[in-house]
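# Analysis of the macromolecular model
Chain by chain, the residues run as shown.
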Amino acid sequence: MGRVYNFSAGPAVLPEEVLREAAEEMLDYNGTGMSVMEMSHRSKAYKEIIETAEADLRELMGIPDNYKVLFLQGGASQQFAMIPMNLMKNGEADYIVTGQWAKKAYQEAQKYGKANKIASSEDKTFSYIPDVSDLPVSENADYVYICENNTIYGTKYKELPDTKGKILVSDVSSCFLSEPVEVEKYGVIYGGVQKNIGPAGVVIVIIREDLITEDVLEGTPTMLKYKTHADAESLYNTPPAYGIYICGKVFKWLKKQGGLEAMKKYNDKKAKILYDFLDESKLFKGTVEKKDRSLMNVPFVTGDEELDAKFVKESQAAGLVNLKGHRTVGGMRASIYNAMPIEGVEALVAFMRKFEEENL
Ligand SMILES: *Cc1c(COP(=O)(O)O)cnc(C)c1O
């Protein structure tokens, strides 16, 4: 069997070119006679890999010099604890709950201080982004937390919240590098890379330098202090070395595609094909408010669970895989990250048209 169109929400599709290159370098990376997996993270060859990866990421996102880039482990979920442990100097923070990941972060933060839920879209199963233009931001909040793209529900903030001067912390796991960002607007931007950048096992944290201090929650483990990793340039202990190497290749690939402006254009075009079809279809329909639609994760339903299951089964057989919706919401979800080619979305829509004709 050849390559399929993989619509998985994560771990997810990677650029074929990157995978081929990695395969070529598997046994002998750049004349070292070994794989990157076998190499010391203190070696000259590896130092160059991680430094180049950081430099390329900085260039892609336009990361200012007063921000650190950290390559960490523990997935995005570990940040749910690291953020309050390191940033809750007043012991209080505000959370906007727009889905399961934001909710988990909010619940985890309650262990370390006072976490306030200042807005939520749970009343309508997270099918929209609440109005964040005039929030009741708490006076003592150390930060305002958002999950910028809601992977499970398929919503995305089109405007950042007005944090009334507080630091904005954002989980961008499922929209990382999908469009340009203004890094200066955030205190912390972070994401697990397995959605849009690389293999699971790496989480990237972009954090303003003045937020990295020794003044953390008492008892915070050494490994969970941003300062530990910032001081050691992400090499305090053995990093997820191979994963970072693949991320570096994806950064090069993104630069070759024309950077984040070009990705945004491409992603807009891809998503439009699918959304336009959903809006005209008599069988399928999108599940979220149009103004809040994500460019990366597109959930849809037929309204009939049996038909949904049939669709998932038949699409799988047609080489369009992992279209089943998240186990908590059902229906279908197409994740169309950076590395999903437009041909994949076209093939999906063609299949949906055919399925509609056969089943309506
Ligand atoms: C997948 C995901 C997570 C969880 O990532 P892990 O690396 O599995 O911990 C958190 N936030 C968002 C937005 C996600 O999509």
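Note that the structure is predicted; figures quoted are calculated from it, not measured.

In the region of the ligand, the neighbouring residues are Gly75, Ala76, Ser77, Phe80, Trp101, Cys147, Asn149, Thr151, Asp171, Ser173, Gln194 and Lys195. Between Asp171 and the ligand, the recorded distance is 2.6 Å, taken from a side-chain N or O atom to a nitrogen atom. It is helix α3 (residues 75-87) that provides the largest number of residues to the shell around the ligand, a total of four residues. Looking at the shell around the ligand, its residues break down into four nonpolar, six polar and two charged.

Our focus in this paragraph is α3. With 13 residues, α3 extends 18 Å between its outermost C-alpha atoms, agreeing within 8% with the 18 Å of an ideal straight helix rising 1.5 Å per residue. Ala81 marks the point of greatest bend in α3, at about 30°, and the proline Pro84 comes within the next four residues. In terms of burial, α3 is largely enclosed, as ten of its 13 residues are buried. When α3 is considered as a whole, its buried residues turn out to be Ala76, Gln79, Phe80, Ala81, Met82, Ile83, Pro84, Met85, Asn86 and Leu87.

The three strands are arranged β11-β12-β14 in an open sheet whose pairing can be described as antiparallel. Only two strands of the sheet have a single neighbouring strand rather than two, namely β11 (285-286) and β14 (332-335). Here two bridges tie β11 to strand β12 (residues 297-301), and the two strands are oriented antiparallel to one another. Bridge pairing in β12 places Lys285 opposite Val301. Against the sheet, helix α7 (residues 259-280) makes contact with β11, β12 and β14, and its axis sits at roughly 20° relative to β12, the strand it touches most.

Moving on, we come to the domain arrangement of the chain. Looking at the assigned domains, one finds that the chain contains domain 1 (17-256) and domain 2 (259-359). For domain 1 and domain 2, the distance between their C-alpha centroids amounts to 27 Å. Across the boundary between the two partners, domain 1 contributes 26 residues, which contact 25 residues of domain 2. Together, the buried faces of domain 1 and domain 2 total about 2,100 Å²; carbon and sulfur atoms form 54% of this surface. Our count for the contact surface shared by domain 1 and domain 2 stands at zero salt bridges. There are 13 residue pairs in polar contact (both at pLDDT 80 or more) connecting domain 1 and domain 2. Mapped by element, the contributors of at least two residues to the side of domain 1 that touches domain 2 are α2 (44-61), β7 (155-156) and α6 (241-257). Looking at the side of domain 1 that touches domain 2 element by element, the count peaks at three residues for α6. The residue makeup of the side of domain 1 that touches domain 2, split by class, is twelve nonpolar, nine polar and five charged.

Calculation rules
Residues numbered from 1 in each chain as written. Predicted model: local features only at pLDDT ≥ 70, side-chain atom pairs only at ≥ 80, totals over all residues. Heavy atoms only, no water. Near = heavy atom within 4 Å. Polar contact = N/O pair within 3.5 Å; in protein donor to acceptor, adjacent residues only side chain to side chain. Helix = DSSP H or I, 4+ residues; strand = E, 2+ residues; numbered from the N terminus. Nonpolar A, V, L, I, M, F, W, Y, C, P; charged D, E, K, R; others polar. Expected span 1.5 Å × (residues − 1). Bend = angle between axes of the 7 residues up to and from the residue. Buried < 20%, exposed > 50% of the residue type's maximum accessible area, 1.4 Å probe, protein only. Pairing = 2+ DSSP bridges. Contact = heavy atoms within 4.5 Å. Axes fitted to C-alpha atoms, helices over the stretch in contact; angles between N-to-C directions. Domains from an automatic or database assignment. Buried area = accessible area lost by both parts, 1.4 Å probe. Salt bridge = Lys/Arg side-chain N within 4 Å of Asp/Glu carboxyl O.

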